[in-house]
Amino acid sequence: MSCTNLVINVSFPYRICSTRQLFHPDNRTLVDLLEGKSPKCIAFIEKTPSLAMPELGTMIERWFANSMPQVDFRQLITLPGGEESKLSMDIWQKALAVIQKEDLDRHSYILAVGGGAFLDVVGLAAATAHRGIRLVRIPTTTLSQADSGVGVKNGINFGGEKNFLGTFAVPWATINDIDILVRQPEPLKRSGLSEVIKVSLVQDAIFFQWLEDHAEQLAALESDTLAQAVRQSALLHARHIAESGDPFEQGVSRPLDFGHWAAHQLELLSEYSVRHADAVAIGMHLDIVYSVANGWLPVAQAQRAINLIQKLKLPLSSPRLGLRRGAHYAVLAGLESFRRHLGGELTLLMLRDIGEGFDVHDISVDLMDACITAILEDRSLDSLSPV
């Protein structure tokens, strides 16, 4: 037998843009991004943001007609979004049918305007049609602008598993428009702050301190402060993806998924009535408490993290956290689901300090059970600390 090992080196431009009034006649962000001679383009808009901004579709069509007449803008399509759009193949297939009907090719452009789940579904359609059509993401929620919208993952759920079907595909560009964000309903602006806290906890103590210092303004969803927090979070997420050496998650370490093993299971247990961002806040709380119970994280630093979650009016618990299956809480099934999703041994991120996470491969189910009980009983961190 003869084997030849070759290495394929591929580089991707990774454009993360921040702007205001993207579809104002004087805004050139998209003008500078859409290349080619008379490229075809379609836009998918999630129903939620289009309802929050009923004029958005008209603004997009008018902008293309007046600012980029050289683009062959084919159609603007409104589709359902939210986690429900990922529960079946229906929305993905509808998007594919439009792409096929409009005869898009690999040099065409798809604009996806919506929250994280909607971007996942449209992104999967863009990545699988012709094995990849240029995708421009325009996230509309705090969660998607601060985290998922600047990522390289697309997916839908399958067989009861979150994101079982999906791809890694670097979008042509991600454009965060703060003016679209501030028009969204309060829950879509607030809940995504959990991912902002998360990235500060695992990567950037200085940013965490800034969040503490501006907690009052963030709790009030003051637009300039929210914009600054979202912008810094997006850059931290994007830089990790671009510079970690593992953008397509071939390894088992997933520092950006702090608190997510429990979050994904809580979403499943609640049949997705618990939003992803809220579930992340609860999942982070659990892993913070577990880090204290093991003696890794000082109580004082853990309390700072929990206080910030509370100050930003994010949940620390849910009735679903107390559901039991036999001897253990049902949420603990998320540990095995997370291991299977990663492949190989279980790898979870825990905390040693604010801004300092580390990988853990062995989890005590009994101790995690005790941590859940402590959260449900609202016990103090001191009662859990082994020191």
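Predicted model only: the values in this text are computed from it and were never measured.

Give a detailed account of the overall build of the protein chain, specifying residues and quantitative values.
When its secondary structure is counted, the protein chain shows 17 helices and 12 strands. Over its C-alpha atoms the protein chain spans a radius of gyration of 21 Å, differing by no more than 12% from the 21 Å that the globule rule assigns to 387 residues. If you line up the protein chain on its principal axes, its C-alpha atoms span 65 × 65 × 35 Å. Within the protein chain, the fraction of its 387 residues that count as buried is 53%. In the protein chain, the proportion of contacts linking residues at least 24 apart, taken out of those at least 6 apart, comes to 77%. Counting every atom, the protein chain has about 16,900 Å² of accessible surface; 50% of that belongs to carbon and sulfur.

Can you break down the side chain of Lys198 residue by residue, with the values?
One can find Lys198 in helix H9 (residues 193-203). Contact partners of Lys198, with chain neighbours within four places excluded, come to Asp147, His237, Leu256, Phe258, His260 and Met284.

Now, about the environment of Trp296: what can you tell me, with residues and values included?
In this structure, Trp296 sits in the loop between helix H14 (276-293) and helix H15 (299-311). The contacts of Trp296, once residues within four sequence positions are left out, are Tyr290, Ser291, Met350, Leu351, Arg352, Phe358 and Val360.

Quick rundown of the pattern of salt bridges? Include the residues and the values.
Throughout the structure, instances matching the rule amount to 19 salt bridges. Among the salt bridges present, the one from Arg74 reaches Asp72, with a minimum N-O distance of 2.8 Å. Residue Lys86 pairs with Asp120 through a salt bridge whose shortest N-O separation is 2.6 Å. Remark: Asp120 occurs in helix H5 (residues 116-128) and Lys86 occurs in the loop between strand E3 (72-79) and helix H4 (90-101); sequence separation between them is 34 residues. Take Lys86 and Asp120: they sit in the same class, and that class is buried.

Could you give an account of the environment of Ser50, with specific residues and numbers?
Along the chain, Ser50 falls in helix H2 (residues 47-52). Residue contacts for Ser50: discarding those within four places in its chain leaves Ile45 and Thr78.

So what's going on with helix H12 (residues 223-243)? Residues and values would help.
Spanning 21 residues, H12 covers 30 Å between terminal C-alpha atoms, matching the ideal 30 Å at 1.5 Å per step. Turning to H12, its buried residues number three or more, namely Thr225, Leu226, Ala227, Ala229, Val230, Ser233, Ala234, Leu236, His237, Ala238 and Ile241.

Talk me through the packing of helix H10 (residues 205-213) against H12; I want residue IDs and the actual numbers.
Relative to each other, H10 and H12 sit at 165°, their axes nearing to 12 Å. With respect to each other, H10 and H12 are oriented roughly antiparallel. The two elements H10 and H12 meet at a crossing, and its hand is left-handed. Seen from H10, the contacting residues are Phe207, Trp210 and Leu211; seen from H12, they are Thr225, Gln228, Ala229, Gln232, Ser233 and Leu236. In terms of residue class, the contact of H10 with H12 is built from 5 nonpolar, 4 polar and no charged.

Run through the pairing of strand E7 (residues 161-168), naming residues and quoting values.
As judged from the 5 bridges shared by strand E6 (residues 153-158) and E7, these two strands associate in the antiparallel manner. Bridged to Lys153 within E7 is Phe168.

Before we move on, can you summarise the packing of aromatic side chains with the specific residues and values?
Within a pair of aromatic rings, the relevant descriptors are the distance that separates the centres and the angle that separates the planes. Using the criterion set out here, one finds 8 aromatic pairs in the structure. Taking the centre distance of 6.1 Å and the plane angle of 25° together, the rings of Phe207 and Trp210 count as stacked. Here Phe207 and its partner Trp210 are both found in helix H10, 3 residues apart, which amounts to about one turn of the helix. Accessibility classification places Phe207 together with Trp210 in one group, the buried group. Taken together through their ring pairs, the aromatic side chains of Phe23, Trp63, Phe64 and Phe73 make up a single cluster. Taking NZ or CZ as reference, Arg15 lies 4.2 Å from the ring centre of Trp172, over its face.

Describe the sheet that holds strand E2 (residues 40-46), with residues and values.
A sheet is described by the order of its strands in space; here 6 strands give the open sequence E1-E8-E5-E4-E2-E3, paired in parallel fashion. Bordering the open sheet on either side are strand E1 (16-19) and E3, each of which pairs with just one other strand. Neighbour-to-neighbour, the strand axes of this sheet turn through a mean angle of 20°, independent of strand direction. Where strand E5 (residues 134-139) meets strand E8 (residues 173-177), 2 bridges bridge the pair, whose relative direction is parallel. For Val136, the partnering residue across the bridge sits in E8 and is Ala173.

Got a sec to walk through the environment of Lys189? Specific residues and values, please.
Looking at the element boundaries, Lys189 is found in helix H8 (residues 186-190). The exposure class of Lys189 is buried, given its relative accessible area of 14%. What Lys189 contacts, discounting residues up to four positions off in sequence, is Thr142, Leu181, Val182, Gln184, Leu221 and Leu226.

Hey, could you go over the nonpolar core for me, with residue numbers and the actual values?
Membership of the largest hydrophobic core comes to 76 residues, with the highest contact counts inside it found for Leu201, Trp261, Ile288, Leu312, Val331 and Ile363. Ranked by residue count, the leading element in this core is H14, at 11 residues. If we ignore the near neighbours within four places in the chain, the residues touching Ile288 are Leu201, Phe258, Leu297, Ala302, Ala305, Ile306, Ile309 and Leu351. With 27 residues, the next largest nonpolar core counts Phe23, Leu56, Trp63 and Ile175 among its residues.

How each quantity is defined
- Residues numbered from 1 in each chain as written.
- Predicted model: local features only at pLDDT ≥ 70, side-chain atom pairs only at ≥ 80, totals over all residues.
- Heavy atoms only, no water.
- Helix = DSSP H or I, 4+ residues; strand = E, 2+ residues; numbered from the N terminus.
- Rg over C-alpha atoms; globule rule 2.2 N^0.38 Å.
- Buried < 20%, exposed > 50% of the residue type's maximum accessible area, 1.4 Å probe, protein only.
- Contact = heavy atoms within 4.5 Å.
- Areas by Shrake-Rupley, 256 points an atom, 1.4 Å probe, with all protein chains shown as cover.
- Salt bridge = Lys/Arg side-chain N within 4 Å of Asp/Glu carboxyl O.
- Expected span 1.5 Å × (residues − 1).
- Axes fitted to C-alpha atoms, helices over the stretch in contact; angles between N-to-C directions.
- Parallel < 35°, antiparallel > 145°, perpendicular 65-115°, else oblique.
- Left-handed = near helix turned anticlockwise from the far one by under 90°.
- Nonpolar A, V, L, I, M, F, W, Y, C, P; charged D, E, K, R; others polar.
- Pairing = 2+ DSSP bridges.
- Phe/Tyr/Trp six-rings, centres within 6.5 Å; stacked < 30°, edge-to-face > 60°.
- Lys NZ or Arg CZ within 6 Å of the ring centre and 35° of its normal.
- Core = buried A, V, L, I, M, F, W, Y, C linked by side-chain atoms within 4.5 Å.

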